Amino acid sequence: MKKLALLVALFSSLSTAGTLPSIAEEQTAAPAKPTPTIIDAKTLEDSVKTALADMKTFKDEKSGYTLDYPSSWQLKEYEAPMCFKVFAFEGGVNVNSAVEEIPTNATAQDYADAVKDFIAKKPEYHFKSISETKVKVAGVDAVQRVQEMGDAEFLGRQLAVYFVKNNKAYTFNGTTESKQFSLFEPVFQKMVDSIKLAN
């Protein structure tokens, strides 16, 4: 029953976000297929070095959620429940995050499991969980998962982190093409490690 309540909270807030561009898809759909861009390995490696070396801070004033992101990446802010999306290479590498109210006593594991169960029931997402670890984010318990989603044309790999504080669930998703994930994973991890929560 707790899982059902979490799912209702998660997806009712996503589906009623009307003015947001397909917020449910931003959180749960297979990664968007980026515009094909041929980028050589040296350019990608240099981009990662620059991203790791030069970060700036994003703060969602309403939730008090902050994190650092590469200053060379583009930032787009949204209204709740989604806070922001940052991206590079025409969306081929992207990070998004959401904050939403959830039922009392729900844990990070409850929330992560509810999201995983929902996505896994969508065969068109071709969801596969690669690894799952319990971690701390901003001093609170979190679940960090590496997962894949996509289709025959595009397979994306994602670093997804779920954490809960004061009946608010926070989601971080860093996504890129599977074959480039190991290159960008340190950037995603540095962003996760920079997260701070007010209150």
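Further up the page is the structure itself.
Nothing here was measured: the structure is a model prediction, and the numbers come from that model.

About the criteria used
- Residues numbered from 1 in each chain as written.
- Predicted model: local features only at pLDDT ≥ 70, side-chain atom pairs only at ≥ 80, totals over all residues.
- Heavy atoms only, no water.
- Salt bridge = Lys/Arg side-chain N within 4 Å of Asp/Glu carboxyl O.
- Helix = DSSP H or I, 4+ residues; strand = E, 2+ residues; numbered from the N terminus.
- Axes fitted to C-alpha atoms, helices over the stretch in contact; angles between N-to-C directions.
- Parallel < 35°, antiparallel > 145°, perpendicular 65-115°, else oblique.
- Left-handed = near helix turned anticlockwise from the far one by under 90°.
- Contact = heavy atoms within 4.5 Å.
- Buried < 20%, exposed > 50% of the residue type's maximum accessible area, 1.4 Å probe, protein only.
- Pairing = 2+ DSSP bridges.
- Expected span 1.5 Å × (residues − 1).
- Arc of directions from axis to C-beta.

Some details on the pattern of salt bridges
One pass over the full model with this rule turns up 5 salt bridges. Note that Asp 46 is salt-bridged to Lys 42, the shortest N-O span being 3.0 Å. Placement of both Asp 46 and Lys 42 in helix 3 (residues 41-53) is noted, with a separation of 4 residues, approximately one turn of the helix. Where Glu 132 meets Arg 145, a salt bridge forms, and the shortest distance between an N and an O atom there is 2.9 Å.

Focus on the packing of helix 3 against helix 5 (residues 181-193)
In contact at an axis separation of 9 Å, helix 3 and helix 5 are set at 15 degrees when each is read in the N-to-C sense. Classified by the interaxial angle, the pair formed by helix 3 and helix 5 is roughly parallel. Considering the relative orientation of helix 3 and helix 5, their crossing is left-handed. Of the residues in helix 5, those in contact with Leu 44, Glu 45, Ser 47, Val 48, Ala 51 and Leu 52 of helix 3 are Leu 183, Phe 184, Pro 186, Val 187 and Lys 190.

Quick word on the pairing of strand 4 (residues 82-88)
Burial of strand 4 is extensive: 6 of the 7 residues sit out of reach of the surface. Inspection of the sheet shows strand 3 (residues 74-77) paired to strand 4 by 4 bridges, in the antiparallel sense. Note that in strand 4 the partner of Glu 77 across the bridge is Phe 84. Joining the antiparallel neighbours strand 4 and strand 5 (residues 93-101) is a turn of 4 residues, in which Phe 89 adopts a positive phi near 50 degrees.

Quick look at the pairing of strand 7 (residues 140-150)
Counting buried positions along strand 7 gives 10 out of 11 residues, so the element sits mostly inside the fold. By the bridge criterion, 9 bridges tie strand 6 (residues 128-137) to strand 7 in an arrangement that is antiparallel. The residue bridging Lys 128 from the neighbouring strand is Glu 148, located in strand 7. From the end of strand 6 to the start of strand 7, which pair antiparallel, there are 2 residues, and Ala 138 there has a positive phi angle of about 55 degrees. Strand direction decides the pairing type here: strand 7 and strand 8 (residues 155-165), joined by 9 bridges, are antiparallel. Pairing of Gly 150 across the sheet is with Leu 155, part of strand 8.

Some details on helix 3
Its 13 residues place the ends of helix 3 18 Å apart at the C-alpha level, agreeing with the 18 Å of an ideal helix rising 1.5 Å per residue. Along helix 3, the residues that are buried comprise Leu 44, Ser 47, Val 48 and Ala 51. Buried residues of helix 3 fall within an arc of 100 degrees about the axis and therefore sit on the same side. Residues of helix 3 that are exposed and point over 90 degrees away from its buried face: Lys 42, Lys 49 and Ala 53. Structurally, helix 3 contributes buried residues whose contacts are with strand 1 (55-60), strand 2 (65-70) and helix 5.

Description of unusual backbone geometry
Phi angles above zero are rare outside glycine, and Ala 138 is one such case at about 55 degrees. Mapped onto the elements of the fold, Ala 138 is located in the loop between strand 6 and strand 7. For Asn 166, which is not a glycine, the phi torsion comes out positive at approximately 50 degrees. Exposure remark for Asn 166: the relative accessible area of 54% places this residue in the exposed category.

Here's the deal with the sheet that holds strand 5
Taken in spatial order, the 7 strands make up an open sheet running 3-4-5-9-8-7-6, and their pairing is antiparallel. Of all the strands in the sheet, the pair left with one neighbour each is strand 3 and strand 6. The mean inter-strand angle of the sheet, taken between neighbouring strand axes irrespective of direction, is 15 degrees. Along the sheet, helix 4 (residues 108-120) contacts strand 5, strand 6, strand 7, strand 8 and strand 9 (168-177); its crossing angle with strand 7, the most-contacted strand, is approximately 15 degrees. Set on the sheet, helix 5 makes contact with strand 4, strand 5, strand 6, strand 7, strand 8 and strand 9; between it and strand 9 the angle comes to about 155 degrees.

These results come straight from atomic positions and should not be treated as a statement about function.
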